[in-house]
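Remarks on the overall topology
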Amino acid sequence: MQFALLIFESPEAFATRKAPESNPYLGAWRAYYKTIVEAGIYVGGDPLEVPETATTVRVMEGKRRVQDGPFADTKEQLAGFMILELPSLDAALDWAARCPAASTGAVEVRPLAPESRRRITG
Amino acid sequence: MNESQYTQRTIERVARESYGRLVAYLSSHTRDVASAEDALSNALIAALTTWPRDGVPQNPEAWLLTAARHSLIDLVRHRQVAEANESTLLLLREESQEAMLSAKFPDERLKLLFVCAHPAIDPAMHTPLMLQTVLGLDAVRIAHAFLVSPTTMGQRLVRAKTKIRDGGIRFEVPQERELPQRLDAVLEAIYAAFGIGWDDMAGVDQRGRDLAEEAIWLARVLLQLMPREAEVRGLLALMLHCEARRPARRGADGRYIPLSEQDTQQWSLPLIDEAERHLAAASSRNFAGRFQLEAAIQSVHAERLRSGRTEWTAAVLFYEQLIRISPTLGARIGYAAAVGEANGLQAGLAALDGIDRNAASGYQPYWAVRAHLLQRLGKTSEAADAFERAIGLAEDPAVRQFLLQRRG
């Protein structure tokens, strides 16, 4: 079963992207990523650029509305995602809890929905 | 404290102390735990309105029992359709009179504990059921500790209680023949509520659910009901030893402090003494069970408070016995760590290498102990790899921070 770990980070965590390699938060992330890959559960994923780079599009009354900034107006912002192959939600929650972002931001765990994909892609 | 505060406190105290006894007694014949709990909460609500007005009754527990029983009769009558419940009603009424005559009623909590940890009940629900029916914790609190939503936990509890009522699970203390295994399930469920299994060298086995106080309370209840069972004392001693070190496990700034570096002055002497008393009482019987051995290992560590040093050879011996009867991953890694201290780092590493790598690869303490041994052996790059894994598997940010610093 595949799960997406949606990683939400605080502004302080986003700021570490410019920090030197020795930054403990980055160090924790390197160790976490390596552990996940070596556990053989990593399917894919990527970090996202900082929220300031986001642009949100809506079409209202047939007109395009473009907003400079992310969709959600929250302190913690989506910072990246990982897709993991795991036997159960419990296992996914274990891995989410080990994520360095879980103790400073939040990690949302969601199963992927292959059924829905089939209905869309036919 | 004014009168109403006093009444309020009394209700809270009686509720806490009598909850399990009342639920156990009220459900022991009907097996309907959910109705017993509903009836008791109705009785507590009644107490909240009646006691401040009429004063706290002479025997608050008996008052609650009578009120809960009336409520239970109403509940059963309300729900009943089947004939079987007629006999339940009759039973309740007869007993009602009996209990009116004497303020005392039998303590059925032991049966209730065995029901909660019955093999027919999903093992994952053993602990939540005990916390709710014996201690009266609400589903929200339990859900929080078990990392699920309150709705989910509520549904699971309802399902488990329905199984108890309708599944033919008897309220009884198991026969001699079954007792060891059934008691083990009860002990496991209590231990599963406790927070930390063991911690050393920043390998932390986060076994339980961080409900240390509740777990200790349950073990005390069990001991009161089964004073002759050595393993019950063993479990209580184990938890008291771990609990005694809680204040020393963190620095003032919240940083993690491994066992070997803890300030022993911060350990709780009364808890250690109590643990030692239980351990001594347990070991006066011949057979040393798993919890007694785990407690004995913790007792070796506690000895550092008095002697200033750790008798690692003694720890190794207890671990050897423990592995013989319960070869868990945690025990084998604890053994390797102790061997590393007693017989040299290389020997410790060899013991660690004896563990199946596949089984251990997702277990944080394995990598923490490995990293620690390799680093002290001067194998820097191998140590760095092990540290990475220990950090990657760490859940507690303080432990993660500590390991990052150690790795250098």
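As shown above, the structure is provided for reference.
Parameters at a glance
Residues numbered from 1 in each chain as written. Chains lettered and ligands numbered in written order. Predicted model: local features only at pLDDT ≥ 70, side-chain atom pairs only at ≥ 80, totals over all residues. Helix = DSSP H or I, 4+ residues; strand = E, 2+ residues; numbered from the N terminus. Contact = placed C-beta atoms within 7 Å. Buried ≥ 20, exposed ≤ 12 C-beta atoms within 10 Å, placed from the backbone. Nonpolar A, V, L, I, M, F, W, Y, C, P; charged D, E, K, R; others polar. Pairing = 2+ DSSP bridges. Axes fitted to C-alpha atoms, helices over the stretch in contact; angles between N-to-C directions. Parallel < 35°, antiparallel > 145°, perpendicular 65-115°, else oblique. Left-handed = near helix turned anticlockwise from the far one by under 90°. Expected span 1.5 Å × (residues − 1).

Some thoughts on the overall build of chain A
Along the backbone of chain A there are four helices and six strands. Over its C-alpha atoms, taken along the principal directions, chain A stretches across nearly 50 × 40 × 20 Å. Looking at chain A alone, contacts between residues at least 24 apart form 75% of all its contacts between residues at least 6 apart.

Here we look at the overall build of chain B
Check the secondary structure of chain B and you find 21 helices and two strands. Dimensions along the principal axes, computed over C-alpha positions, put chain B at roughly 75 × 50 × 45 Å. Burial analysis of chain B (408 residues in total) assigns 42% to the buried set. Long-range contacts, defined here as pairs at least 24 residues apart, represent 62% of the contacts in chain B between residues at least 6 apart.

Quick notes on the interface of chain B and chain A
Of the residues lining the interface, 14 residues belong to chain B; the matching set on chain A comes to twelve residues. Per element, the largest residue contribution to the side of chain B that touches chain A is five residues, and it comes from helix H20 (residues 380–393) of chain B. For the side of chain B that touches chain A, the per-class residue count stands at six nonpolar, four polar and four charged.

Describing the environment of Leu65 of chain B
Mapped onto the elements, Leu65 of chain B comes out in helix H3 (residues 60–79). Each C-alpha atom of the pair Leu65 of chain B and His118 of chain B lies 26 Å from the other, and the pair is 53 residues apart in sequence.

Comments concerning the sheet that holds strand E5 (residues 77–85) of chain A
Strand pairing within a sheet occurs via backbone hydrogen bonds; the two strands may be parallel or antiparallel. Residues and elements named next belong to chain A. Here four strands make up an open sheet; going across it, the order is E2-E5-E1-E6 and the pairing antiparallel. Either end of the sheet is taken by a strand with one partner, and the two such strands are strand E2 (42–47) and strand E6 (106–111). Sheet twist, expressed as the mean angle between neighbouring strand axes with direction ignored, is 20 degrees. Across five bridges, the pairing between E2 and E5 is antiparallel. Residue Gly44 lies in a different strand from E5, and its bridge partner there is Ile83. Its contacts with the sheet put helix H3 (residues 89–98) on strand E1 (2–9), E5 and E6, and the angle it makes with E6 is roughly 160 degrees.

Structural notes on the packing of helix H19 (residues 364–376) of chain B against H20 of chain B
Residues and elements named next belong to chain B. For the pair H19 and H20, the least separation of the axes is 8 Å and the interaxial angle reads 155 degrees. Comparing the axis directions of H19 and H20 gives the class roughly antiparallel. Crossing hand, H19 versus H20: left-handed. Two secondary-structure elements touch here, H19 through Gln364, Trp367, Ala368, Arg370, Ala371, Leu374 and Gln375 and H20 through Glu382, Ala383, Ala386, Phe387, Arg389, Ala390 and Leu393. Here the contact of H19 with H20 is composed, by residue class, of nine nonpolar, two polar and three charged.

Regarding the environment of Leu64 of chain B
Residues and elements named next belong to chain B. By the element assignment, Leu64 lies in helix H3. In this structure the C-alpha to C-alpha distance between Leu64 and Ala47, which are 17 residues apart in sequence, comes to 7.5 Å. Here Leu64 is in contact with Val14, Ser18, Leu22, Ala43 and Ala47, once residues within four sequence places are set aside.

Observations regarding helix H1 (residues 3–27) of chain B
All names here are of chain B. Between its first and last C-alpha atoms H1 spans 33 Å; for 25 residues at 1.5 Å apiece the expected length is 36 Å, and the two agree. Listing the buried residues of H1 in full gives Val14, Tyr19, Gly20, Arg21, Leu22, Val23, Ala24, Tyr25, Leu26 and Ser27. Structurally, H1 contributes buried residues whose contacts are with helix H2 (33–54), H3, helix H5 (109–116), helix H6 (123–133) and helix H10 (212–225).

Digging into H20 of chain B
Its 14 residues place the ends of H20 of chain B 20 Å apart at the C-alpha level, agreeing with the 20 Å of an ideal helix rising 1.5 Å per residue. When we look at burial in H20 of chain B, the residues that qualify are Ala383, Ala386, Phe387, Glu388, Arg389, Ala390, Ile391, Gly392 and Leu393 of chain B. Elements in contact with the buried residues of H20 of chain B: helix H2 (24–38) and H3 of chain A together with H19 and helix H21 (397–407) of chain B.

Treat this as a map of the structure, not an account of what it does.
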